[in-house]
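# Report on the structure
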Amino acid sequence: MRSKTPSPTTNTKLIALCFFFFSILLFVVWSNSSSDHHNNSHPILPPTHETTHISNSSNSDSESEPQSSPCESLSSLPQTCTKAPPSLSNALVHYATTNITPQQTLKEISVSLRVLERKSPCNFLVFGLGHDSLMWTSLNHGGRTVFLEEDKSWIEQIREKQPNLESYHVSYDTKVHQADTLMETGNGEECKSVSDPRFSKCELALKGFPSEIYDMEWDLIMVDAPTGYHDEAPGRMSAIYTAGLMGRNRENGETDVFVHDVDRVVEDKFSKTFLCEGYLVEQEGRLRHFVIPSHRTRLGRPFCPN
């Protein structure tokens with residue numbers, strides 16, 4: 001999520017990122033101008049706070065009542081809306097005035113963007129807090145985007161600059177050098193059982209998150225943390241396993257899970273094993289995209305598809 005060591009960023013990448021956000025802004029403006037051609041379906045009502053989850057249900061009386069705040073959600077795109085959403089405006093200003101860009105490439109980001117264009121506003125859980133956090137929150141405007149970060153001091157640094165980001169400090173008790181042992185553990189029967197991670201008997205299941213992380217059904221999960229590039233780092237073994245368990249344990253539907261840095265051994269092996277190669281739908285560069293179906297809607301579904 002954030003740079004391991006400070007390094008200069010090329011002008012080409014910065015220009016491409018700014019163009020990326022500007023294109024989204026142009027899309028919003030174009031959509032507003034062409035809204036006369038849309039059908040009269042009910043818009044999704046905006047939340048009272050940017051990190052509140054939105055329901056897809058609409059009020060039966062809303063057809064006759066004017067909306068008091070028409071520009072709050074990208075998904076509604078009402079005819080009278082002529083302003084960019086605040087989160088998108090903040091992201092444009094931030095990335096246009098910094099020489100630090102997200103760690104993912106434009107092509108890698110575009111994989112998640114395509115899913116967000118289809119699902120947002122939605123619930124988006126991100127393992128890691130970094131230079132791309134404002135971008136993810138902006139692309140999920142009107143939804144709830146939550147970041148889990150291992151470094152308390154880093155959280156404070158980000159909060160000083162972006163106080164509206166919702167983040168939580170979390171701890172990990174694993175090390176990268178334990179990966180082989182944890183892989184053997186994960187292949188045991190107790191780790192193939194689908195349940196709430198808090199009550200799982202699998203050693204890989206993360207149990208120390210705030211309760212609301214487990215109580216929420218996440219539509220997208222991005223695993224780009226914790227640190228995993230040296231033997232004494234926590235590694236992403238448990239994060240990958242838990243992301244898959246959350247997806248399988250949801251009431252119904254599917255969860256899109258993204259794993260970054262799959263060029264590394266841990267991310268490669270654990271994503272293929274616990275998110276399952278049968279659920280892999282796309283890979284772009286160092287990013288893999290899995291779609292995990294609910295296992296509660298079909299009893300007897302195998303942990304990985306045959």
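Now for a look at the structure at hand.

The rules behind the values
Residues numbered from 1 in each chain as written. Predicted model: local features only at pLDDT ≥ 70, side-chain atom pairs only at ≥ 80, totals over all residues. Heavy atoms only, no water. Helix = DSSP H or I, 4+ residues; strand = E, 2+ residues; numbered from the N terminus. Buried < 20%, exposed > 50% of the residue type's maximum accessible area, 1.4 Å probe, protein only. Patch = residues over 30% accessible without salt bridge, like charges linked within 9 Å, V, L, I, M, F, W, Y side chains within 5 Å. Areas by Shrake-Rupley, 256 points an atom, 1.4 Å probe, with all protein chains shown as cover. Salt bridge = Lys/Arg side-chain N within 4 Å of Asp/Glu carboxyl O. Lys, Arg positive; Asp, Glu negative; His and termini not counted. Charge placed at Lys NZ, Arg CZ, Asp CG, Glu CD. Pairing = 2+ DSSP bridges. Axes fitted to C-alpha atoms, helices over the stretch in contact; angles between N-to-C directions. Contact = heavy atoms within 4.5 Å. Parallel < 35°, antiparallel > 145°, perpendicular 65-115°, else oblique. Left-handed = near helix turned anticlockwise from the far one by under 90°. Nonpolar A, V, L, I, M, F, W, Y, C, P; charged D, E, K, R; others polar. Polar contact = N/O pair within 3.5 Å; in protein donor to acceptor, adjacent residues only side chain to side chain. Phe/Tyr/Trp six-rings, centres within 6.5 Å; stacked < 30°, edge-to-face > 60°. Lys NZ or Arg CZ within 6 Å of the ring centre and 35° of its normal. Right-handed = clockwise from strand over helix to strand, strands pointing away.

### Quick look at unusual backbone geometry
Each neighbour pair has its own omega, and for Ser 120 with Pro 121 the value is 0°, a cis peptide bond. Assignment of secondary structure puts Pro 121 in the loop between α3 (106-119) and β1 (123-127). Notably, Asp 261 is not glycine yet its phi reads approximately 70°, a positive angle. Owing to a relative accessible area of 4%, Asp 261 belongs among the buried residues under this scheme.

### Brief notes about a negative patch on the surface
Side chains of Asp 173, Glu 189, Glu 190 and Glu 203 sit close together on the surface and give a patch of like negative charge. Relative to the elements of secondary structure, Glu 189 occurs in the loop between α6 (179-186) and α7 (211-215). Residue Glu 189 is classed as exposed on the basis of its relative accessible area, which comes to 66%.

### Quick look at the sheet that holds strand β3 (residues 166-169)
Pairing within the open sheet is mixed, and its seven strands lie in the order β3-β2-β1-β4-β5-β7-β6. Each having just a single partner strand, β3 and β6 (280-284) make up the two edges of the open sheet. Each adjacent strand pair in this sheet contributes to an overall mean axis angle of 15°, direction not counted. Packed onto the sheet, helix α5 (residues 152-161) meets β2 (144-149) and β3 and runs at close to 160° relative to β3.

### A few points about the packing of helix α8 (residues 237-249) against helix α9 (residues 265-276)
At a minimum axis separation of 9 Å, α8 and α9 run at an interaxial angle of 20°. With respect to each other, α8 and α9 are oriented roughly parallel. The element α8 and its partner α9 pack so that their crossing is right-handed. Where α8 abuts α9, its residues Met 237, Ile 240, Tyr 241, Gly 244 and Arg 248 lie against Val 266, Glu 267, Phe 270, Ser 271, Phe 274, Leu 275 and Cys 276. For the contact of α8 with α9, the class distribution of residues is eight nonpolar, two polar and two charged.

### Section: the side chain of Thr 174
With respect to the helices and strands, Thr 174 occurs in the loop between β3 and α6. At a separation of 2.8 Å, a polar atom in the side chain of Thr 174 contacts the main-chain carbonyl oxygen of Pro 234. When neighbours within four sequence positions are excluded, Thr 174 is seen to be in contact with Leu 182, Ala 233, Pro 234, Gly 235, Met 237 and Ser 238.

### What to know about the pattern of salt bridges
The final tally for this structure, using the stated rule, is 19 salt bridges. Here Arg 250 and Glu 217 are joined by a salt bridge, their closest N and O atoms 3.8 Å apart. On the criterion of sequence distance, the pair formed by Arg 250 in the loop between α8 and β5 (254-260) and Glu 217 in the loop between α7 and β4 (220-223) is long-range, its members being 33 residues apart. When the shortest N-O distance is used, the salt bridge between Arg 236 and Asp 261 registers 2.9 Å. Taken together, the residues Arg 236 in the loop between β4 and α8 and Asp 261 in the loop between β5 and α9 connect sequence positions 25 residues apart.

### Examining the side chain of Ser 238
Structurally, Ser 238 is set in helix α8. Engagement of the side chain of Ser 238 in a polar contact is seen with the backbone oxygen of Leu 204, the distance being 3.2 Å. Residues contacting Ser 238, with those up to four places away along its chain left out, are Thr 174, Leu 204 and Leu 206.

### As for the packing of aromatic side chains
In the structure shown here, the tally under the stated rule is six aromatic pairs. By the ring-pair criterion, three or more aromatic residues cluster together here, those being Tyr 241, Phe 270, Phe 274 and Phe 303. Lying across the ring of Phe 303, Arg 248 places its NZ or CZ 3.7 Å from the centre.

### Remarks on the pairing of β2
Most of β2 is tucked away: six of the six residues are buried. Going residue by residue along β2, you find Arg 144, Val 146 and Leu 148 tucked away on one face and Thr 145, Phe 147 and Glu 149 tucked away on the opposite face as well. Here β1 pairs with β2 via five bridges, running parallel. Within the sheet, the bridge partner assigned to Leu 125 lies in β2 and is Val 146. With respect to chirality, the unit in which β1 leads through helix α4 (residues 133-139) into the neighbouring parallel β2 is right-handed.

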